[in-house]
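Architecture and fold: a report
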Amino acid sequence: MTRRTVRIAMNGVTGRMGYRQHLVRSILSLQQQGGLDLGDGTTLWPEPVLVGRREHALRAMAEQHGIEHWSTDLDAVLADPSVEIYFDAQVTSAREDAVRQAIAAGKHIYCEKPTATSLDGALELARLAVAAGVKHGVVQDKLFLPGLQKLKRLVDGGFFGRILSVRGEFGYWVFEGDWQSAQRPSWNYRAQDGGGIVADMFPHWEYVMHETFGRVRTVQALATTHVPQRWDERGKPYDATADDAAYGIFELDGGAVAQINSSWTVRVNRDELVEFQVDGTYGSAVAGLRNCRVQHRSATPKPVWNPDLPATEAFRDQWQEVPDNTEFDNGFKAQWELFLRHVALDEPWRWDLTAGARGVQLAELGLRSSAEGRRLDVPELSL
Ligand SMILES: NC(=O)c1ccc[n+]([C@@H]2O[C@H](COP(=O)([O-])OP(=O)(O)OC[C@H]3O[C@@H](n4cnc5c(N)ncnc54)[C@H](O)[C@@H]3O)[C@@H](O)[C@H]2O)c1
């Protein structure tokens, strides 16, 4: 086995996503498994170079995990020809400039969503990456979740017949930060810092709908700020200027209608933090992050509306669990592996910066739809 090292500049690794999902659960986990077997006698060894603004935080993290290379000087890291990939999980508002800089330095790009704070910015990044001939990718982790993989399997297997509708319910209560600390960063609640649930979640919903059911053709959304004041990481009150809940309706290619609620101001009465119910002529399914349950038309009960009687059936018990039938790895890691194979072997890859721009487009149109109070077409993007 020959070992090929691929050095990855990882920016924003002190953040929630950058640290837990990308550094620990993906790159370090790949190291723990001995690298990525490319199947041609080569093992790819991903070597992180931590990049960030806070020297003490980076040093502590590097020491904790035995990581040799870290820096607070992005320019210097990008000027290093041994670094092949630039990864970005910084706050959204910082991404565009850094990715642009990395493309100019000739690095392959992999980054979190949303790729930019405006569609123009997102498209520009895609154009620059194509022109530079670098490989590029955007995190679309939900596609790799067991629940959604099982849902896709049902779609591909023809389980649903004609798909009529999708009901998505995402959310949980994010504490305001006064009497209990908030479990999300405060920039998420400030529009001026790139926050807002539409900017955060519509990019996810775009690729989930697109890849599972069909391209999003129209959007109608109502975005609102239910909790206008919150308390930040230092316990200081601030105005929540960004939307914390969005109620969206989407028409999809193929004719299905999707309705997705996204909220940081809802208490969970579901089995999982996100669930999608899909109804088709032949069957229905409810998929979460991990699990997926189905009901075939042959096993569909025939309730009769009668408010004078208590419910006669335990409706939730009438669904059948879809088996795993395979081993599911962490979704972020699974996508990292595909991206690394794309870089090393030129294997096909479709979750690129253009796909990332589609997510930004849906968020932008969702906010505009809400502001203008009307349904908007979602035009197909071209570079
Ligand atoms: N794929 C997913 O499921 C998912 C989930 C959550 C967040 N995200 C995305 O990941 C990115 C990071 O989100 P997070 O929740 O990890 O955020 P976070 O606040 O926990 O981390 C932000 C990171 O950016 C760095 N940073 C750089 N410039 C900064 C600035 N000016 N102000 C503050 N921090 C700055 C911080 O040091 C930190 O490392 C966002 O773009 C977000 O949309 C993706």
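Going by the structure above, here's the rest.
Okay, so let's go over this structure. Note that the structure is a prediction, hence the values are computed from the model and not measured.

1. Here we look at the site of the ligand
- In the vicinity of the ligand, 22 residues are found, and the nearest of them are Thr14, Thr92, Arg95, Asp141 and Trp187.
- Contact between the ligand and valine 91: an oxygen atom at 3.1 Å from a main-chain N or O atom of the residue.
- Within the contact set of the ligand, an oxygen atom lies 2.9 Å away from a backbone nitrogen or oxygen of lysine 113.
- The fraction of the free accessible surface of the ligand (830 Å²) that becomes covered by protein chains is 83%.
- Taken together, the elements giving at least two residues each to the shell around the ligand come down to helix 1 (16–32), helix 4 (92–104) and helix 7 (197–212).
- A class-by-class count of the residues in the shell around the ligand yields 8 nonpolar, 6 polar and 8 charged.

2. Digging into the pattern of salt bridges
- What the rule picks out here adds up to 28 salt bridges.
- For glutamate 124, the salt bridge goes to arginine 127, with nearest N and O atoms at 3.7 Å. Highlighted residues: glutamate 124 and arginine 127, both in helix 5 (residues 119–132), separated by 3 residues, approximately one helical turn.
- Residue class for arginine 127 comes out partly exposed when judged on its relative accessible area of 36%.
- One salt bridge connects lysine 333 with aspartate 329, and the closest N-O pair in it is separated by 2.6 Å.
- Connected via shared salt-bridge partners are Arg215, Arg217, Asp253 and Glu380.

3. Observations regarding the pairing of strand 12 (residues 245–252)
- Pairing analysis gives 8 bridges linking strand 9 (residues 216–224) to strand 12, with the strands arranged antiparallel. Of the residues in strand 12, the one forming a bridge with threonine 224 is alanine 245.
- Strand direction decides the pairing type here: strand 12 and strand 13 (residues 257–263), joined by 7 bridges, are antiparallel. Across the sheet, residue tyrosine 247 finds its bridge partner in strand 13, namely asparagine 261.
- Between strand 12 and the antiparallel strand that follows it, strand 13, lie 4 residues; glycine 254 among them carries a positive phi value of about 95°.

4. Quick word on the packing of helix 5 against helix 9 (residues 353–372)
- For the pair helix 5 and helix 9, interaxial distance at closest approach is 8 Å and the crossing angle is 175°. Here helix 9 runs roughly antiparallel to helix 5, going by the angle between their axes. Side by side, helix 5 and helix 9 meet where Leu119, Ala122, Leu123, Leu125, Ala126 and Ala129 of the first sit next to Leu353, Thr354, Ala357, Val360, Gln361 and Glu364 of the second.
- Looking at the contact of helix 5 with helix 9 residue by residue, the class counts come to 9 nonpolar, 2 polar and 1 charged.

5. Regarding helix 8 (residues 331–345)
- The end-to-end C-alpha distance of helix 8 is 21 Å, a good match for the 21 Å that 15 residues give at a rise of 1.5 Å each.
- Most of helix 8 is tucked away, with 12 of its 15 residues classed as buried.
- Gly331, Phe332, Lys333, Ala334, Gln335, Trp336, Glu337, Phe339, Leu340, Arg341, His342 and Val343 are the residues of helix 8 that are buried.
- For helix 8, the N-terminal cap is asparagine 330; the gap from its side-chain oxygen to the backbone nitrogen of phenylalanine 332 is 2.8 Å.
- One or two positions beyond helix 8, positive phi appears at aspartate 346, with a value near 65°.

6. Quick look at the pairing of strand 1 (residues 2–11)
- When strand 1 meets strand 3 (residues 42–51), the two strands line up parallel, connected through 10 bridges. For methionine 10, the partnering residue across the bridge sits in strand 3 and is leucine 50.
- In this structure, strand 1 lies alongside strand 5 (residues 83–88), joined through 5 bridges in parallel fashion. Looking at strand 5, one finds that asparagine 11 is bridged to aspartate 88.

So, how was this worked out
- Position numbers for residues count from 1 along each chain, tracking the sequence in the order it is written.
- The model is predicted, so local features are restricted to residues of pLDDT at least 70 and side-chain atom pairs to those at 80 or more, both for listing and for counting; the totals for chains, interfaces and linings are taken over all residues.
- Calculation of side-chain values draws on the structure's entire complement of heavy atoms; hydrogens and water are dropped beforehand.
- Any residue with a heavy atom positioned within 4 Å of a molecule or strand is treated as near that molecule or strand.
- Distance and chemistry together define a polar contact, namely a pair of N or O atoms within 3.5 Å, with one atom able to donate a hydrogen and the other to accept it when in protein, and with adjacent residues in sequence counting only for side-chain atoms on both sides.
- Only the protein chains shown count as cover for residues, and the accessible areas themselves come from Shrake-Rupley with a 1.4 Å probe.
- Here a strand is any run of E in DSSP of at least two residues, a helix any run of H or I of at least four, and the numbering for each starts at the N terminus.
- Three residue categories are used. Nonpolar comprises Ala, Val, Leu, Ile, Met, Phe, Trp, Tyr, Cys and Pro, charged comprises Asp, Glu, Lys and Arg, and polar comprises the others, including Gly.
- One speaks of a salt bridge when a side-chain nitrogen belonging to Lys or Arg is within 4 Å of a carboxyl oxygen belonging to Asp or Glu.
- Any residue under 20% of the maximum accessible area for its type is buried, any over 50% is exposed, and the rest in between are partly exposed; the area is computed with a 1.4 Å probe on protein chains only.
- Pairing between two strands is assigned when DSSP locates at least 2 bridges connecting them.
- Axis geometry follows a simple rule: fit a line to the C-alpha atoms, using only the stretch in contact for helices, then measure angles between N-to-C directions, giving values from 0 to 180 degrees.
- Note that the term roughly parallel is reserved for angles under 35 degrees, roughly antiparallel for angles over 145, roughly perpendicular for angles of 65 to 115, and oblique for everything else.
- Every residue pair with non-hydrogen atoms within 4.5 Å of one another is taken to be in contact.
- The length a helix should cover is 1.5 Å for every residue beyond the first.

Purely geometric stuff here, so don't read any function into it on its own.
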